[in-house]
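Working through the structure, step by step
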Amino acid sequence: KVETMQDVVKGTLQKMEALEAEYRASLELFNAMKDQAFAAAQQAFEAQEESATTKRYVEESRVASEKALMEVRSELSAFIDEQRVFCGFIDTEQRSYQELIRQEVNALSRLVDATLRIDPPMSNIGASPASTLEGLQPLEPMGELPIAFADQVLRSSG
């Protein structure tokens, strides 16, 4: 009986060793899976933190861009207003200049008409208008006429 007991104890010890080996293998597998799960959770946490950081950066960039856009819009609006005023000044100046030119051309036309009435060219009496203009040379600018002479011509024509 002692031998059978020894065999039973031996068999039980062998079974216990097999169970212990199986337990150790299961424990190693559990630890490996636990480490993988922890690493995956750590990566997910880091990704979430990185995502939050990226979201904050994007939001800060958006706010800064909107602020810069508002500044540019404000400057552009001010520039457009300045250009409208400037164009108004130019338009007014151009109208004034055109009116002055009209007045000067009108005055010069009256002056020429009056001069021609006072002193008609004697050599061209009866000639055709085309032959009258043939011998004329362009005049060089003389500067301003004396005001007294212009007034005298205008009074005599009007």
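Residues numbered from 1 in each chain as written. Predicted model: local features only at pLDDT ≥ 70, side-chain atom pairs only at ≥ 80, totals over all residues. Heavy atoms only, no water.

Concerning the overall build of the protein
Assigned secondary structure in the protein consists of three helices and zero strands. When the elements of the protein are put in sequence order from the N terminus, they spell out α-α-α. Counting all 158 residues of the protein, 2% fall into the buried class. (Helix = DSSP H or I, 4+ residues; strand = E, 2+ residues; numbered from the N terminus. Buried < 20%, exposed > 50% of the residue type's maximum accessible area, 1.4 Å probe, protein only.)

Brief notes about the confidence of the model for the protein
When pLDDT is averaged along the protein, the result is 82; 73% of the residues meet or exceed 70. Summarising per-element confidence for the protein, the mean pLDDT is lowest in helix 2 (residues 129-134) (54) and highest in helix 1 (residues 2-118) (92). (pLDDT = per-residue confidence, 0-100.)

Remarks on the pattern of salt bridges
Using the criterion set out here, one finds six salt bridges in the structure. Between Asp81 and Arg84 there is a salt bridge, with the nearest N and O atoms lying 3.5 Å from each other. Of the two residues, Asp81 and Arg84 are both situated in helix 1; the distance of three residues between them amounts to about one turn of the helix. The structure contains a network of salt bridges with shared partners spanning Glu59, Arg62 and Glu66. (Salt bridge = Lys/Arg side-chain N within 4 Å of Asp/Glu carboxyl O.)

Structural notes on a nonpolar patch on the surface
A cluster of nonpolar side chains, namely Val9, Leu13 and Met16, defines an oily patch on the protein surface of about 290 Å² accessible area. Topologically, Val9 is positioned in helix 1. Val9 gets classed as partly exposed once you look at its relative accessible area, which sits at 45%. (Patch = residues over 30% accessible without salt bridge, like charges linked within 9 Å, V, L, I, M, F, W, Y side chains within 5 Å. Areas by Shrake-Rupley, 256 points an atom, 1.4 Å probe, with all protein chains shown as cover.)

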